[in-house]
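Summary of structural features
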Amino acid sequence: MKTLVTFIIGLIAAPVLFGIAAVLGWLPSDAASEPPGWESKIGMRALDTSLERRSSGLKNPIEAKDAAALAAGRKIYTDNCAGCHGSAQKPSTFGSGFYPRVPQFFQEGTDVDPKEAFAAVQGGIRYSGMPAWRGQLSDRQMWQVANFVAQIRAPGGKTMDMDSD
């Protein structure tokens, strides 16, 4: 019985203490701080699950290897995304000021498929600075850039030849 009471108190006390620490400003809130490992793990897990859910049922209307569509996606990426997500030549210095950090696709690669990339581009990503492009780009343009982003890292981790960004 004593173990059960201790367990229940722990379930209540831990979130209360965490909330108090947050309200008192004891947790870092600046964009320059590195996120703690637990925060990164929880955040990435939540993002992956959300993108999987948001992309289920989507049908990519563009053939993944369509060279003209990939070229169009590359241009959209260069014009609208490279400022934060970097290019093949260099990571973005602007994107490093965000919290959480903006993924640098050419340096880090990406594990999203085109449907997940489309969901991220279309609806944005809350609390990250990633805007929703719905209403600013057509569905076709969003699919083009989604296909491009999903192809930046080829299977096995080899970066595709994208050196003319």
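Further up the page is the structure itself.
What this report covers is the structure whose coordinates are included nearby. Nothing here was measured: the structure is a model prediction, and the numbers come from that model. (Residues numbered from 1 in each chain as written. Predicted model: local features only at pLDDT ≥ 70, side-chain atom pairs only at ≥ 80, totals over all residues. Heavy atoms only, no water.)

What follows concerns the overall build of the protein. Looking only at helices and strands, one finds seven helices and zero strands in the protein. Tracing the protein from N to C terminus, the helices and strands come up as α-α-α-α-α-α-α. Its C-alpha radius of gyration of 20 Å places the protein more than 25% over the 15 Å reference for a compact globule of 165 residues. Dimensions of the protein, computed from C-alpha atoms along their principal axes, come out at roughly 65 × 35 × 35 Å. Per-residue burial over the protein gives 30% buried out of 165 residues. Contacts spanning at least 24 positions in sequence make up 63% of the contacts within the protein whose residues lie at least 6 apart. Split by element, the accessible area of the protein, about 10,600 Å² in all, is 62% carbon and sulfur. Computing the positive centroid from 17 side-chain charges and the negative centroid from 16, the protein places the two 4 Å apart. (Helix = DSSP H or I, 4+ residues; strand = E, 2+ residues; numbered from the N terminus. Rg over C-alpha atoms; globule rule 2.2 N^0.38 Å. Buried < 20%, exposed > 50% of the residue type's maximum accessible area, 1.4 Å probe, protein only. Contact = heavy atoms within 4.5 Å. Areas by Shrake-Rupley, 256 points an atom, 1.4 Å probe, with all protein chains shown as cover. Lys, Arg positive; Asp, Glu negative; His and termini not counted. Charge placed at Lys NZ, Arg CZ, Asp CG, Glu CD.)

Quick look at the side chain of Ser 33 now. Tracing the sequence through the fold places Ser 33 in the loop between α1 (2-23) and α2 (37-55). In this structure Ser 33 comes out as buried when scored by relative accessible area, which is 18%. Polar side-chain contacts of Ser 33 include one of 2.6 Å to the side chain of Asp 30. Setting aside residues no more than four positions away along its own chain, Ser 33 makes contact with Pro 28, Tyr 99 and Arg 101. (Polar contact = N/O pair within 3.5 Å; in protein donor to acceptor, adjacent residues only side chain to side chain.)

What follows deals with the side chain of His 85. Looking at the element boundaries, His 85 is found in helix α4 (residues 82-85). A polar contact of 2.8 Å, which involves the side chain of His 85, links it to the backbone oxygen of Pro 103. If sequence neighbours within four positions are ignored, His 85 has contacts with Tyr 77, Ser 92, Val 102, Pro 103, Gln 104, Phe 105 and Met 130.

Bringing the layout of surface pockets into the picture now. Estimates place the volume of the largest pocket at around 1,300 Å³. Elements with a minimum of two residues in the lining of the largest pocket: α2, α3 (67-80), α4, α5 (105-108), α6 (114-123) and α7 (139-151). The element best represented in the lining of the largest pocket is α2, accounting for nine residues. Residues that form the lining of the largest pocket fall into these classes: 25 nonpolar, ten polar and seven charged. (1 Å grid on protein atoms, 1.4 Å probe; cavity = no way out; pocket = protein on both sides within 12 Å on 5 of 7 lines; lining within 4 Å. Points joined across faces, edges and corners; volume = space filled by probe spheres on them. Nonpolar A, V, L, I, M, F, W, Y, C, P; charged D, E, K, R; others polar.)

Once that is clear, we can look at the environment of Leu 58. Within the secondary structure, Leu 58 sits in the loop between α2 and α3. Its relative accessible area of 25% is what places Leu 58 among the partly exposed residues. Once the C-alpha coordinates of Leu 58 and Lys 115 are considered, the two residues, 57 residues apart in sequence, prove to be 6.4 Å apart. In this view, Leu 58 contacts Lys 115, Phe 118 and Trp 143; residues no more than four positions away in its chain are not counted.

Let us look at unusual backbone geometry. Note that the residue after Tyr 99, namely Pro 100, is joined by a cis bond; omega there is 5°. Among the secondary structure elements, Pro 100 is positioned in the loop between α4 and α5. For Tyr 127, which is not glycine, the phi torsion reads 65° and is therefore positive. In this structure, Tyr 127 sits in the loop between α6 and α7.

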